[in-house]
Structure formats: structure tokens, C-alpha cells
Amino acid sequence: MILVTMQHVQKIFNGDNVVLSDVSLTLQKGDCIGLVGSNGAGKSTLLRILFGDLPADSGYVSRPVDLSIGYLSQCASITPTHTVWEDLLEIFRPVFEMESRIRAMEKQMGTLHEHDRAAF
């Protein structure tokens, strides 16, 4: 089953810096690939286009709308005045907030009358 197809993708920065030219590839379910190249060869740019984080200047990328792709950027957004722990807490803040809302709902559900619980 084909997951992602790129056809004739091109990316140019600053008007004349061709980073990708006529790149085509197909990734099938279960494929394991390695992307190797020197610094500035366009590896990160290719991945960003593949993930939909950066538009191609020409060509097209086809992938299922519900496809979930994980990507850890080599240039993390960190705050210079924070410790690593503080940055991690900030990154996971949405998860902690969600957990807090779940705990509040659990507490609220525990205070329902017996006839109200039957509805759940």
C-alpha cells in the first residue's frame, strides 16, 4: 500500500539556491528508509516537504489526510534562560492540562447522584 508519493518536487531558497530539484519517491507501508547526505544537501527540507511543514515550489506530494508522521527537528525551539527540565515541562504543558481536566471530570462524576450515574 502506497503511503506517500512525491513527484518532480523542487525547492529553491532566496531566488537562486536550488536545494531540491526533480525529486520523486514513493514510500510504501512497511518501508524502512535512510536519508543520508552532506550538510546543506536538502535532507531536512525534503522531510519538511514530505510532512507538509514546508510547501514545494513545484511538483506535488500525495499522502493520506489521516496519515500521522512523527518528526523531531534538529533545531529545537528552546528558551536560553530555561533549564532542560523547564523546557520539557513547557513542551508537555498541554498534556498536563488535559490530565488536570480529566481529573476534574472524574471528581465531578464521583459526586453525581446514584440515578445520574446510571446514565453513564
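For the structure itself, look to the data block above.
Conventions we followed
- Residues numbered from 1 in each chain as written.
- Predicted model: local features only at pLDDT ≥ 70, side-chain atom pairs only at ≥ 80, totals over all residues.
- Heavy atoms only, no water.
- Core = buried A, V, L, I, M, F, W, Y, C linked by side-chain atoms within 4.5 Å.
- Buried < 20%, exposed > 50% of the residue type's maximum accessible area, 1.4 Å probe, protein only.
- Helix = DSSP H or I, 4+ residues; strand = E, 2+ residues; numbered from the N terminus.
- Contact = heavy atoms within 4.5 Å.
- Pairing = 2+ DSSP bridges.
- Axes fitted to C-alpha atoms, helices over the stretch in contact; angles between N-to-C directions.

> Quick question: what am I supposed to make of the nonpolar core here?
If you look at the biggest cluster of nonpolar residues, it comprises 11 residues: Val-4, Met-6, Val-9, Val-19, Leu-20, Val-23, Leu-27, Leu-46, Ile-49, Leu-50 and Leu-54. It is strand E2 (residues 17-28) that contributes the most residues to this core, four residues altogether. Setting aside its immediate chain neighbours within four residues, Leu-20 contacts Val-9, Gln-10, Lys-11, Gly-42, Thr-45, Leu-46 and Ile-49.

> Sorry, what's going on with the pairing of E2 here?
A regular strand places its side chains so that they alternate between the two faces of the sheet. Bridge count between strand E1 (residues 2-13) and E2: eight bridges; the pairing is antiparallel. What sits directly across from Val-9, in E2, is Val-23. The turn joining E1 and E2, which pair antiparallel and follow one another in sequence, is formed by three residues; a positive phi near 55° is taken by Asn-14.

> Could you clarify how one ought to interpret the sheet that holds strand E3 (residues 58-62) in this entry?
As a general point, the strands of a sheet are linked pairwise by backbone hydrogen bonds and lie either parallel or antiparallel. If you trace the three strands from one edge of the open sheet to the other, you get E2-E1-E3, paired in antiparallel fashion. The open sheet has two edge strands with one neighbour each: E2 and E3. Recorded for the sheet is a direction-independent mean angle of 15° between the axes of neighbouring strands. Lying on the sheet, helix H1 (residues 43-51) is in contact with E1, E2 and E3; it crosses E1 at an angle near 125°.

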